Amino acid sequence: MANTITARCDIMLFGALGDLAQRKLFPAFYQLERGGLIADGSRILALARRELDTAGLRKLLLERLEQSIKPEEFDRSVAEAFLQRVEYQILEFHDKEGFGVLNGWRDEQNSQLIVYLASPPSIYGVIARNLHSASCCTEKTRVVVEKPVGHDLESSRVINDELAEVYNENQLFRIDHYLGKETVQNLIALRFANNLFASQWDQNHISHVEITVAESVGIEGRWGYFDRAGQIRDMVQNHLLQLLCLIAMDPPSDLSADSLRDEKVKVLKALRTITPDMMETCVVRGQYTAGTSVGKPVPGYLEEEGANRRSQTETFVALKVEIDNWRWSGVPFYIRTGKRLPEKLSQIIIHFKPAPHYIFDPDQKHLANNKLIIRLQPDEGMALKILTKDQGLHKGMRLRQGPLELTFSETFEIGRIPDAYERLLWEIMKGNQYLFVRRDEVEHAWRWVDRIIQNWSDGGDPPKRYAAGTWGPVAAIAMITRDGRSWYEDA
Ligand SMILES: NC(=O)C1=CN([C@@H]2O[C@H](COP(=O)(O)OP(=O)(O)OC[C@H]3O[C@@H](n4cnc5c(N)ncnc54)[C@H](OP(=O)(O)O)[C@@H]3O)[C@@H](O)[C@H]2O)C=CC1
Ligand SMILES: O=C1O[C@H](COP(=O)(O)O)[C@@H](O)[C@H](O)[C@H]1O
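Being a predicted model, the structure only gives us computed values, none of them experimental. (Residues numbered from 1 in each chain as written. Chains lettered and ligands numbered in written order. Predicted model: local features only at pLDDT ≥ 70, side-chain atom pairs only at ≥ 80, totals over all residues. Heavy atoms only, no water.)

## A short note on the domain arrangement of the protein
Assigned domains within the protein: domain 1 (9-146) and domain 2 (179-416 + 444-490). The C-alpha centroid of domain 2 is placed 35 Å from the C-alpha centroid of domain 1. (Domains from an automatic or database assignment.)

Structure representation (structure tokens):
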């Protein structure tokens, strides 16, 4: 991050005792403080309904920061200085009158107010209205909204309408934390700063694209939330479609928020609708059974704590996605994501077409396409697999595939890679919307995903089982094999 300090701001954090605030937001604020990136005088009002006071919250946060921040990054004096910015206020978010106290807290020198809604999405509208009636917000207020925005297109419209009654679109910062990951932003640099790739980035040169976002974790005690969502709402509707958009979009004319978002929306609008007759060949859903995770035995989804044993919620999805436009006509995007897969791995593979005329050993023809492997996490970097002559007199003109390798941590002196939330909070404080999702993006993504969910509920097959610790149901392998391809495995 360039060392730019943000303007002084007041931040109201709704849901400050919740999982997200405690596990992600406060540690991210701490890191920004450590980097000297929060302006003097900026303050945070932590809002929740639990009985607590400012001293109690500061004590709690200090303990949690000490536990969660790596020892070499934890500096007690920085943490204590940060906690001086934080105050606690009990508030029931439905209590309109109670919002009166918020005005008294505002510091007139801090012209910028940020409202962070780390609460259930169903009460975003209530909070927005109560803030408005308490005259807490001005046209300069920025409002941060967590994912998921709704459960489907209809409910997301309701939430977006409620927010729009009080705020303009340019005040709304809808979070998709994947956009805060350095390596995801790097997709923009890779594509639009390197003319080498720009000229190759279409159906003339690319045969297909793979996107894998694999998690080794299960649902981590979040059964209640996850079972209503499933992997398609939890991961595909947002993170995977955002990745797909960044790979597939046309070059924006500049880096402004709307230029980027206009191009992403065009991709979402061009996604081919998955109709019932395409479900068998283009969609696989799975649910994990007992198995192992990172060497340890783990229960199946239906045996997790709090589980409804008849649930048909998917913990794995694989899709074959077509984009109906000139650039991508005939280039399938195979995407897959799941819980309890063998490892945490997010990567994108661009498979280039082979040269038009092949002159080498026919037995090696399968090697004849270049691949660009973009590793988002872990081991952030990329590799371009290219063909060379195998070394040695007796090898003749045998081919060999090898990588042009760029591992960020080895090539650049990058130190620690900031967590996505650090970047996002910092951009919010600066008022830059380019890493946040616009209303039409959310709604187009829901429209496309809703159709798949509808097909499932109209009588699709139940989820296919896969053992924890494997790469999902065999049907996901069959889906890509039918097209004469396979999921990339680093050899
Ligand atoms: N946790 C995560 O990793 C992620 C979360 N999100 C999103 O972030 C948001 C928050 O999630 P998460 O932190 O997990 O949820 P939690 O349920 O852990 O936290 C929600 C917080 O809001 C408070 N709250 C809820 N209703 C009211 C109310 N009427 N009045 C006052 N306080 C209230 C809760 O208080 P109480 O404890 O008293 O109920 C709690 O402090 C959600 O929109 C979620 O989808 C998005 C991505 C990841
Ligand atoms: O939004 C979510 O993302 C996490 C995965 O995020 P990552 O940064 O660890 O890759 C996922 O586990 C969670 O279910 C989902 O809500």
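## Description of the side chain of Glu73
Looking at the element boundaries, Glu73 is found in the loop between α2 (54-68) and α3 (76-83). Looking at Glu73, its side chain comes within polar contact range of the side chain of Arg416, at 3.3 Å. In contact with Glu73, not counting residues within four places along its chain, are Tyr30, Gln31, Arg34 and Arg416. (Helix = DSSP H or I, 4+ residues; strand = E, 2+ residues; numbered from the N terminus. Polar contact = N/O pair within 3.5 Å; in protein donor to acceptor, adjacent residues only side chain to side chain. Contact = heavy atoms within 4.5 Å.)

## Some words on the site of ligand 1
Not every one of the 21 residues close to ligand 1 is listed here, only the nearest: Asp19, Leu20, Arg23, Arg49 and Glu92. Between ligand 1 and Arg50, the relevant distance is 3.4 Å, taken from an oxygen atom to a side-chain nitrogen or oxygen of the residue. At 3.1 Å from an oxygen atom of ligand 1 is found a main-chain nitrogen or oxygen belonging to Lys147. It is helix α1 (residues 19-34) that provides the largest number of residues to the shell around ligand 1, a total of 3 residues. Here the shell around ligand 1 is composed, by residue class, of 10 nonpolar, 4 polar and 7 charged. (Near = heavy atom within 4 Å. Nonpolar A, V, L, I, M, F, W, Y, C, P; charged D, E, K, R; others polar.)

## Some remarks on the layout of surface pockets
Space inside the second largest pocket adds up to approximately 440 Å³. Breaking the lining of the second largest pocket down by element, the ones donating at least two residues are β13 (345-352), β14 (371-377), β15 (381-389), β16 (399-407) and α15 (474-481). Here the lining of the second largest pocket gets 3 residues from one element, more than from any other, and that element is α15. Grouping the amino acids of the lining of the second largest pocket by side-chain chemistry returns 10 nonpolar, 3 polar and 8 charged. (1 Å grid on protein atoms, 1.4 Å probe; cavity = no way out; pocket = protein on both sides within 12 Å on 5 of 7 lines; lining within 4 Å. Points joined across faces, edges and corners; volume = space filled by probe spheres on them.)

## Observations regarding empty space enclosed by the protein
Applying the stated criterion across every chain yields a total of 2 cavities of 30 Å³ or more. Lining the largest cavity are 14 residues, with Asp176, Gln237, Asn238, Val437 and Val442 positioned closest to its centre. The set of elements that each furnish at least two residues to the lining of the largest cavity consists of α9 (223-248) and α14 (439-457). A total of 4 residues in the lining of the largest cavity trace back to one element, the largest contributor, which is α9. Broken down by class, the residue content of the lining of the largest cavity amounts to 7 nonpolar, 3 polar and 4 charged. As for the second largest cavity, its lining consists of Leu179, Val184, Gln185, Ile188, Leu246, Leu260, Lys264, Tyr434 and Leu435. Of all elements in the fold, only α7 (182-193) and α10 (257-270) reach the threshold of two or more residues within the lining of the second largest cavity. Top element by residues in the lining of the second largest cavity is α7. It accounts for 3 residues. For the lining of the second largest cavity, the class distribution of residues is 7 nonpolar, 1 polar and 1 charged.

## Describing the site of ligand 2
Around ligand 2 sit Lys147, His177, Tyr178, Lys181, Glu215, Arg222, Asp234, Met235, His239, Lys339, Lys344 and Gln377, and that is every residue in its neighbourhood. Arg222 is positioned such that a nitrogen or oxygen atom in its side chain is 2.5 Å from an oxygen atom of ligand 2. Within the contact set of ligand 2, an oxygen atom lies 2.8 Å away from a side-chain nitrogen or oxygen of Lys344. The fraction of the free accessible surface of ligand 2 (400 Å²) that becomes covered by protein chains is 80%. It is α9 that provides the largest number of residues to the shell around ligand 2, a total of 3 residues. Considering only residue class, the shell around ligand 2 consists of 2 nonpolar, 3 polar and 7 charged. (Areas by Shrake-Rupley, 256 points an atom, 1.4 Å probe, with all protein chains shown as cover.)

## Details of the pattern of salt bridges
The final tally for this structure, using the stated rule, is 36 salt bridges. Close ionic contact of Asp10 with Arg43 constitutes a salt bridge, the shortest N to O distance being 3.1 Å. With Asp10 in strand β1 (residues 9-14) and Arg43 in strand β2 (residues 43-48), this residue pair connects regions lying 33 residues apart in the sequence. Here Asp10 and Arg43 have matching classes, each one buried. The closest approach of N and O atoms between Lys320 and Asp483, which form a salt bridge, is 2.9 Å. Residue Lys320 is located in strand β11 (residues 316-321), and its partner Asp483 is located in the segment after α15; the two are separated by 163 residues in the primary sequence. (Salt bridge = Lys/Arg side-chain N within 4 Å of Asp/Glu carboxyl O. Buried < 20%, exposed > 50% of the residue type's maximum accessible area, 1.4 Å probe, protein only.)

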